[in-house]
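# A look at the structure
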Amino acid sequence: MTAPLSEDLRARDLVELRGVQKWYGDLHVLQDIDLSVAQGEVVVVIGPSGSGKSTLCRTINRLEPVDEGTILIDGAPLPQEGKALARHRADVGMVFQSFNLFAHKTILDNVTLGPIKVRKMAKADAEKRAHELLDRVGVGHQAAKYPAQLSGGQQQRVAIARSLAMDPKVMLFDEPTSALDPEMIKEVLDVMVDLAERGMTMIVVTHEMGFARTAANRVVFMADGRIVESADPESFFTNPQSDRARDFLGKILKH
């Protein structure tokens, strides 16, 4: 079980959402969201489909603008557009359900593109770092191949390496295993657990309750666009405080 963060670490919030509201037309998808994530903390966001989990994740990277409220990354508000937004996105790594790799580029080129273009890293340095990261996620021997030549699990691990190559302050994962075959899920979750153990700040939207139990410092339960509960994994899974959470866990943990 991941230990709670110490008070001195928790004193520094890396991600803060204050009074965040988001509508899609008449649909109020994020309602009064207040959430702080400390440096080095792993927060797993769970809840039923349509609860706003993925939208929450995407607002932190400004893939979705918010209608009201404030989002701060390392104390600075989210930029609206332009170069400042590009720099922000370099600091906030994002791994999606779909791998979003460039099909016409090799695995190595996929991982080095951002550091060279955005971070202005020398090509040789970017390639050295990319090889280290690809080795770390277990696909170093695939560097010369193209995405279509890799399994889904391997492609997702490349996507994680690509985000890490930007040296982000925080990593967002939006249901990173939901498009994978069951035998590929563990290999991706193992990489994520390793990241958590190395102290990466992570916000993870997932249906993988085993990961939430073992790797999270905190579980955030959402329903109907709101944060209903926020607790350490042991407390949440053994003694949920709301009817919505009890109902949700009752359905998923029986299967």
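Residues numbered from 1 in each chain as written. Predicted model: local features only at pLDDT ≥ 70, side-chain atom pairs only at ≥ 80, totals over all residues. Heavy atoms only, no water.

What follows concerns the environment of proline 79. Position of proline 79 among the secondary structure elements: in the loop between β5 (76-77) and α3 (82-91). Along the backbone, proline 79 and leucine 150 are 71 residues apart, and their C-alpha atoms lie at a distance of 36 Å. Those residues in contact with proline 79 that sit more than four places away from it in its chain are Arg62, Ala84, Leu85 and His88. (Helix = DSSP H or I, 4+ residues; strand = E, 2+ residues; numbered from the N terminus. Contact = heavy atoms within 4.5 Å.)

Looking now at the nonpolar core. A general feature of soluble globular proteins is that nonpolar side chains tend to end up buried together. Counting 50 residues, the largest nonpolar core has Ile160, Met171, Phe173, Met192, Met202 and Phe236 as the members making the most contacts within it. If we skip the residues at most four places from it in the chain, isoleucine 160 touches Val95, Met171, Phe173, Val188, Val191, Met192 and Leu195. Grouped together as the second largest cluster of nonpolar side chains are 25 residues, Val37, Val45, Leu56 and Ile73 included. (Core = buried A, V, L, I, M, F, W, Y, C linked by side-chain atoms within 4.5 Å. Buried < 20%, exposed > 50% of the residue type's maximum accessible area, 1.4 Å probe, protein only.)

A word on the sheet that holds strand β9 (residues 218-223). If you trace the six strands from one edge of the open sheet to the other, you get β6-β7-β8-β3-β9-β10, paired in mixed fashion. Edge strands, defined here as strands with exactly one partner in the open sheet, are β6 (92-95) and β10 (226-231). Adjacent strand axes in the sheet meet at a mean angle of 20° when their direction is disregarded. Direction of pairing for β9 relative to β10: antiparallel, over a ladder of five bridges. Bridging from a neighbouring strand, valine 219 pairs with alanine 231 of β10. Strands in contact with α3 are β6 and β7 (170-174); relative to β6, the strand with the most contacts, it is inclined by about 65°. Helix α7 (residues 182-197) contacts β3 (42-46), β7 and β8 (201-205) of the sheet and is inclined by roughly 145° relative to β8. (Pairing = 2+ DSSP bridges. Axes fitted to C-alpha atoms, helices over the stretch in contact; angles between N-to-C directions.)

A surface patch of like charges, here positive, comprises Lys83, Arg87, Lys117 and Lys120. Note on placement: lysine 117 falls in helix α4 (residues 107-117). Among the residues examined, lysine 117 registers a relative accessible area of 55% and is labelled exposed. (Patch = residues over 30% accessible without salt bridge, like charges linked within 9 Å, V, L, I, M, F, W, Y side chains within 5 Å. Areas by Shrake-Rupley, 256 points an atom, 1.4 Å probe, with all protein chains shown as cover. Salt bridge = Lys/Arg side-chain N within 4 Å of Asp/Glu carboxyl O. Lys, Arg positive; Asp, Glu negative; His and termini not counted. Charge placed at Lys NZ, Arg CZ, Asp CG, Glu CD.)

So, on to the pattern of salt bridges. Overall, the coordinates contain 17 salt bridges when judged by the stated rule. Where aspartate 190 meets lysine 186, a salt bridge forms, and the shortest distance between an N and an O atom there is 2.8 Å. Note that aspartate 190 and lysine 186 are positioned in helix α7 at a spacing of four residues, about one turn of the helix. Classification of lysine 186 as exposed rests on a relative accessible area of 56%. Of the charged contacts, one joins lysine 251 and aspartate 247 as a salt bridge, the two residues approaching to 3.3 Å between their closest N and O atoms.

Turning our attention to the packing of helix α5 (residues 123-136) against helix α6 (residues 152-164). Between α5 and α6, the shortest axis-to-axis distance is 9 Å and the interhelical angle comes to 140°. Overall, the two elements α5 and α6 adopt an arrangement that is oblique. Of the two elements, α5 crosses α6, and the hand of that crossing is right-handed. Contact residues: Arg129, Leu133, Leu134 and Arg136 in α5; Val158, Ala161 and Leu164 in α6. Residue composition of the contact of α5 with α6, by class: five nonpolar, no polar and two charged. (Parallel < 35°, antiparallel > 145°, perpendicular 65-115°, else oblique. Left-handed = near helix turned anticlockwise from the far one by under 90°. Nonpolar A, V, L, I, M, F, W, Y, C, P; charged D, E, K, R; others polar.)

The subject of this paragraph is the sheet that holds strand β4 (residues 68-73). Strand pairing in a sheet is mediated by backbone hydrogen bonds. Such pairs are either parallel or antiparallel. The sheet built from four strands is open, its strands ordered β2-β1-β4-β5 with antiparallel pairing. Across the chains shown, the open sheet's two edge strands, defined by having one partner strand only, are β2 (27-38) and β5. Examined bridge by bridge, β4 and β5 share two bridges and lie antiparallel to one another. Counterpart to leucine 72 in the pairing with β5 is proline 77.

This part covers the pairing of β8. With five of five residues buried, β8 lies mostly within the body of the structure. Neither face of β8 is left uncovered, since the one carrying Thr201, Ile203 and Val205 and the one carrying Met202 and Val204 both have all their residues buried. Pairing of β3 with β8, which is carried by four bridges, proceeds in the parallel orientation. Looking at the pairing, valine 45 lines up with valine 205 of β8. Pairing between β7 and β8: five bridges, direction parallel.

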